[in-house]
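These are the residues of each chain, in order.
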Amino acid sequence: DEQIEPDPSKKTLVILGTGWGSVSLLKRLDTENYNVIVISPRNYFLFTPLLPSCTTGTIEHRSIMEPIRTILRQKKASVKYYEAEATSIDPERKIVRVTDNSEVKGATTETEVPYDMLVIGVGAENATFGIPGVRENSCFLKEIGDAQLIRKKIMDCVETAAFKDQSPEEIDRLLHMVVVGGGPTGVEFAGELQDFFEEDIKKLIPEISDRFRVTLIEALPNVLPSFSKQLIEYTESTFKEEKIDIKTKTMVKKVTDKTVEAEMQGPNGKEKVVFPYGLLVWATGNAVRPVIRDLMAKIPAQKDSRRGLAVNEYLVVQGTRDIWAVGDCAVAGYAPTAQVAGQEGTFLARLLNNMAKTEALEEKIRDLSGSLNLKPGNAAEVSREIEEYERQLRRIKDVKPFHYSHQGSLAYIGSEKAVADVSWFNGNVASGGSLTYLFWRSAYLSMCFSSRNRLLVINDWLKSKLFGRDVSRE
Ligand code: FAD
Ligand code: NAD
């Protein structure tokens, strides 16, 4: 019984974003309870944990994308999807302003979408801390387009370095790949890059092979600050073997089209260092999106929040009654990870399903109570029915607040090694190495969105192992 037009008896639930938070919500939401509208500039879900592998072609990008239309088709009641960006939210009028920023434009590119209930899962953008030159000269690693650009640029640097009569200094610069930010994104990318070089480029273009270098720059005293000490040391020593140069206590201050300028904290104080580069990948974490900053400015209760929308333990945006936030744009006291966003989305689905059930039960109780006066003969039976509904209602209403359960942290560090901080049987297991790598592969495979994705990823892994990665520059 597909329903195309919105049902006036139902509330309109607008969901912003098609990432980890919003899609986990959609997966478990009983869509028949609401008129559901999804708005996102990206018409697919992206499995971000395998994005670093797309930068070198170990995995082809379409293998980790799942179209939102396919996801929505599996829902019981029809859900509307608009490919657009939310540009502003008006919590007073309960309206979201949206813009179609895609390449193909129709006569209408901007409009308003009213909501009764709003879930915000728009994620975050890349932090640059206003450091000059970063936006203009770096590649980021957040979206599919970023990974494609990096893949193209790596090969462009390699082919340009191999060009006839290239000077030795220029070859060194072009083959110097600089990664800024020693969080998991920077570390995983550096590992993938080194693999690509060792396993493929070296064989195909041996004449430049001793000049290729990867440098990872981190402002803090060590990389992977969120992992345990033992795994930090394991990562740092593996990188040393892989010849990835880690520069810790080094803060980037300025970027030009060919150099990165940084301040290094040495034993004798601060020292300025300049790194000429061919490719620069910037991975220094998250910043708040403009649409979120704008909404925060409209809500007095958000005045002291800096890193995103402050939410309560039911993920309700503080200072509002009908807006919820999940994932990287919400501040609930957890790290901005897919694991957290996913669990928040699942929690919210349960909450919204319950709210709909509660309303239906309350309505039934109201109707029955009304009929009690009309048909006094049935009083005993009706009262029993009311009691049963009230019991159900109490059970449903008793929703526990959101509680995050940490399943562990995993990161790939190159040369078929991975690190894992996993809690098992109430204890913490920290492990690193090739077995952990197999664990990493099977864990990520099992987390893939669909069996279609899973099959494609296995196929990509086999393909790059058997035939090498595809180095054609598209
Ligand atoms: P996202 O998944 O980023 O989704 C945001 C959605 O909102 C997107 O669909 C976007 O198009 C949409 N959107 C953006 N702006 C608007 C707007 N104005 N209006 C409407 N929609 C909008 N976490 C882990 O736990 N494990 C990992 O292994 C891991 N690996 C990672 C690897 C990389 C390379 C990166 C970048 C991140 C990784 N993360 C990992 C972190 C994880 O991806 C994020 O924490 C997670 O994606 C957050 O989910 P989200 O739903 O908040 O945002
Ligand atoms: P991050 O915030 O974890 O790390 C960024 C790093 O950049 C920090 O260590 C910071 O000290 C450094 N930095 C900042 N400014 C700098 C400067 N000017 N010069 C040098 N270094 C500078 O960012 P991320 O790695 O992109 O991760 C973002 C989120 O996504 C995190 O929550 C992370 O846990 C999650 N994530 C998880 C995985 C995984 O579990 N495998 C992979 C990727 C991302």
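To be clear, the structure that these remarks concern was listed above.
Here the structure is a predicted model, which is why all the values come from computation and not from measurement.

Parameters and conventions
Residues numbered from 1 in each chain as written. Chains lettered and ligands numbered in written order. Predicted model: local features only at pLDDT ≥ 70, side-chain atom pairs only at ≥ 80, totals over all residues. Heavy atoms only, no water. Near = heavy atom within 4 Å. Polar contact = N/O pair within 3.5 Å; in protein donor to acceptor, adjacent residues only side chain to side chain. Areas by Shrake-Rupley, 256 points an atom, 1.4 Å probe, with all protein chains shown as cover. Helix = DSSP H or I, 4+ residues; strand = E, 2+ residues; numbered from the N terminus. Buried < 20%, exposed > 50% of the residue type's maximum accessible area, 1.4 Å probe, protein only. Phe/Tyr/Trp six-rings, centres within 6.5 Å; stacked < 30°, edge-to-face > 60°. Lys NZ or Arg CZ within 6 Å of the ring centre and 35° of its normal.

What follows covers the site of ligand 2. Residues in contact with ligand 2 amount to 24 residues; listed here are only the nearest, Thr185, Glu218, Val252, Pro336 and Leu410. One nitrogen or oxygen atom from the side chain of Glu218 is found 2.6 Å from an oxygen atom belonging to ligand 2. For ligand 2, an oxygen atom lies 3.1 Å from a polar atom in the backbone of Pro336. Against a free-state accessible area of 850 Å², the protein chains account for coverage of 77% of ligand 2. Of all elements in the fold, only helix H7 (184-204) and strand E14 (250-255) reach the threshold of two or more residues within the shell around ligand 2.

Notably, Ser415 is not glycine yet its phi reads approximately 40°, a positive angle. The residue Ser415 is located in the loop between strand E22 (409-414) and strand E23 (417-424) in this model. One non-glycine residue, Glu416, lies in positive phi territory at about 55°. The residue Glu416 is located in the loop between E22 and E23 in this model. Of the residues examined, Glu416 reaches a relative accessible area of 31% and is grouped as partly exposed.

Our next topic: the packing of aromatic side chains. Under the defined criterion, the tally for this structure stands at 14 aromatic pairs. Ring geometry for Trp20 and Phe45: centres 5.1 Å apart, planes at 80°, overall edge-to-face. A residue pair is termed long-range when its members are at least 10 positions apart, and Trp20 in helix H1 (residues 20-28) and Phe45 in strand E3 (residues 44-46) qualify at 25 residues. Centroid distance Tyr412 to Trp440: 5.0 Å. Interplanar angle 25°. Geometry classified as stacked. Placement of the pair is Tyr412 in strand E22 and Trp440 in helix H12 (residues 434-447), with a sequence separation of 28 residues. Classification of Trp440 as buried rests on a relative accessible area of 3%. By way of ring pairs, the aromatic residues Trp20, Phe45, Phe47, Tyr412, Tyr437, Trp440, Tyr444, Phe449 and Trp461 are connected into one cluster. When the ring centre of Phe449 is taken as reference, the NZ or CZ atom of Lys27 above it lies at 4.8 Å. Against the face of Trp461 rests Arg441, its NZ or CZ located 4.1 Å from the ring centre.

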